[in-house]
Amino acid sequence: MKIGILQMPYSTDPAKIEAMIQKELHLLSSCGNDLDIIVAPEYSDVPCVPKDVKGFYEATEKYNKLILDKASETARRTHAILFINALSKTEFGFRNTTYAFDREGNIAGRYYKAHPVASEIEKRKLDDSYLSSFNSPTILEIEGLRFAFLTCYDFYFYESYARIALEKPDFVIGCSHQRSDPFEMSELFSAFCAFNTNAYVLRASVSMGENSLVGGGSLVASPEGKILLQMKNEVGLGTVQIDPAKKHFKPAGFGNAPSAHFEYMEKGRRPWNYRPAGSAIVPKDEWMRYPRLCAHRGFSTIAPENSMPAFGAAVALNASEIEFDLWETRDGEIVSLHDASLDRVSSGTGFVWDLTLEEIKKADFGVKTDGRFKGLRIVLFEDILKKFSCQTIMNVHIKSRDNVTPVSESMLKKIIALIRKYDASKHVYFMTGNRAMQKQLARLAPDIARCMGAGDQPWEIVNEAIELNCQKVQLFKPYFDQAMIDKAHAGGIKCNVFFADDPEEAHIYLQMGIDCILTNDYLSIQNATNLQ
């Protein structure tokens, strides 16, 4: 098969967009009927840096159809399979889209970029609704050939290569920009991708100028990880002959028959050792949509509070958040328990800070709730993370003996270290009404979000959150009003409320603009509000 890679010109001057579009049209016209596959770059409908977001969408409105119509005509004229990237409009907004045209010029499929860069979402407001749940790799089969896709920034997420490899693609199509990367970088990740997927990587980018050392780098990489074509910053059509049936097989360990690299890796892969995985992962806290519910101490009306059954029930019902409380034992272990004393919820007695973990483990934490939970033991914070990390957002209430005194920094460091260990930094936030602890947490883990609790001055909670640079407040009924919610929102602070187990009360809170409702009776409030 003959592969054609189009490296289009690109300008940092928005006034040159018309000239860039005409050059793109000319390059598409230059493709001959000897080509079998043609690949063009990302954002081919906006081939220059727009002056602002308005200019970006004006360019799309003016050139999107023109470019896509030309792509269709080119595929039909050359009788080639053609891939090109431009925006598409859905009912939810615009998406970064790679279009596949068959040899007759018909759209054979679309790929939506899996990892839009922050500016695409935050500034250009592209639709990211399709990214909030698990998606298997997009595989398009045309004429018996299997095409996988990575668009620009997608190439940096090397962990996706292993999943793509399982689909056994023949090609990975990379419509790209990467205008600041040197050629060596594009070669590195393209070769790595080709070797790991046992597929040909066809990458088309944009030229930043014939003499530029960055940008460009349109190429073809073989399954062995060899670079068969490297265009650097040359504008034009690069071609190479390949055999898509030619794969790379290596010795699968000493004395074993050859296999594809990914097959060799799959035989020994143990993802539970190093990553939470797949469809269990939910978006990080700052991306999780509002309003939402938080299962207070888990689904605590059906299972003992702060227990694994309570947490598991809430997570199984798709709770966006669970809330739980943490204390440190006398011997420095971090356990989940609401009260300072064991007395109310277990067969044990005494304050948690006076007891070792082994002493606390002797208490039954299920017997006082329901005989069917008899035998439950205290839950370690690590147990919660080990089972539910990244499957829900965790509202982590770190308890202290009062709301004034700093707590042990060794305790906070242990909590933070466990969060790092289980890759949960973006899926947790700290909640406390202790001002001193808020300052400690801000210093020890500035990247982890914090929520200001009511403490001893619940009417001052919003002012304290602003002063301490908290991302959230946890309002405590009945000590709040509409003015406090409005003030928090004006400061960019999200508002939790503790609590609502009554559907009518939950609806009142939503009307007031509450972002997250804590509830003990998760399913009834979920059913009443249609929130998670």
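The structure we're discussing is the one just above.
Residues numbered from 1 in each chain as written. Predicted model: local features only at pLDDT ≥ 70, side-chain atom pairs only at ≥ 80, totals over all residues. Heavy atoms only, no water.

Asks: Looking at this structure, how should I read the overall build of the protein?
Replies: Of the regular secondary structure elements, the protein holds 15 helices and 25 strands. Dimensions of the protein, computed from the C-alpha atoms along their principal axes, are close to 80 × 65 × 40 Å. Within the protein, the proportion of its 532 residues that are buried is 53%. Considering only intrachain contacts with a sequence separation of at least 6, the fraction spanning at least 24 residues in the protein is 61%. When the accessible surface of the protein is totalled, it reaches about 23200 Å², and 53% of it is carbon and sulfur. Separation between the mean location of the 61 positive side-chain charges and that of the 68 negative ones in the protein comes to 3 Å. (Helix = DSSP H or I, 4+ residues; strand = E, 2+ residues; numbered from the N terminus. Buried < 20%, exposed > 50% of the residue type's maximum accessible area, 1.4 Å probe, protein only. Contact = heavy atoms within 4.5 Å. Areas by Shrake-Rupley, 256 points an atom, 1.4 Å probe, with all protein chains shown as cover. Lys, Arg positive; Asp, Glu negative; His and termini not counted. Charge placed at Lys NZ, Arg CZ, Asp CG, Glu CD.)

Asks: Would you take a moment to explain the packing of aromatic side chains for this structure?
Replies: Inspection of the entire model under this criterion finds 27 aromatic pairs. Summarising the aromatic geometry, the rings of Tyr153 and Tyr156 are spaced 5.7 Å apart at their centres and angled 80° between planes, so their arrangement reads as edge-to-face. Taking relative accessible area as the criterion, Tyr156 reaches 29% and is therefore assigned partly exposed. Through successive ring pairs, a cluster of aromatic residues spans Phe83, Tyr111, Phe147, Phe149, Phe171 and Tyr200. The aromatic ring of Phe56 is capped on one face by Arg124, whose charged end is 4.1 Å from the ring centroid. (Phe/Tyr/Trp six-rings, centres within 6.5 Å; stacked < 30°, edge-to-face > 60°. Lys NZ or Arg CZ within 6 Å of the ring centre and 35° of its normal.)

Asks: It is not clear to me how the nonpolar core should be interpreted in this structure. Could you clarify?
Replies: Most often, soluble globular proteins have nonpolar side chains that are buried together. Judged by nonpolar contacts, the single largest core of 59 residues is most densely connected at Phe324, Phe381, Met394, Ile398, Ile415, Phe430 and Leu475. Counting residues per element, this core draws most heavily on helix H10 (residues 409-421), at six residues. Met394 has contacts with Ile322, Phe324, Ile384, Leu385, Phe388, Ser389, His427, Val428 and Tyr429, leaving out every residue within four places of it along the chain. By size, the runner-up hydrophobic cluster in this structure holds 29 residues, among which are Ala40, Cys48, Ile67 and Leu82. (Core = buried A, V, L, I, M, F, W, Y, C linked by side-chain atoms within 4.5 Å.)

Asks: Sorry if this is basic, but what is going on with helix H5 (residues 183-197) here?
Replies: At 3.6 residues per turn, the α-helix brings residues three or four places apart onto the same side. In this model, H5 (15 residues) spans 21 Å end to end at C-alpha, consistent with the 21 Å of a helix rising 1.5 Å per residue. Listed as buried for H5 are Phe183, Ser186, Phe189, Ser190, Ala191, Cys193, Ala194, Asn196 and Thr197. Tucked inside the fold, the buried residues of H5 contact helix H4 (159-165), strand E8 (171-175), strand E9 (200-204), strand E11 (219-221), strand E12 (227-230) and helix H6 (261-266). (Expected span 1.5 Å × (residues − 1).)

Asks: Looking at this model, I keep getting lost on the sheet that holds E8. Mind explaining?
Replies: By definition, the strands of a sheet pair up through backbone hydrogen bonds, in either a parallel or an antiparallel sense. If you trace the six strands from one edge of the open sheet to the other, you get E6-E7-E8-E9-E11-E12, paired in mixed fashion. Both edges of this open sheet fall to strand E6 (140-142) and E12, since each of them pairs with a single strand only. Strand-to-strand twist across the sheet, computed as the mean angle between neighbouring axes with direction ignored, equals 20°. Here strand E7 (residues 145-149) runs beside E8; their pairing, made up of three bridges, is parallel. The partner of Phe147 across the bridge, within E8, is Phe171. (Pairing = 2+ DSSP bridges. Axes fitted to C-alpha atoms, helices over the stretch in contact; angles between N-to-C directions.)

Geometric values such as these leave the question of function open.
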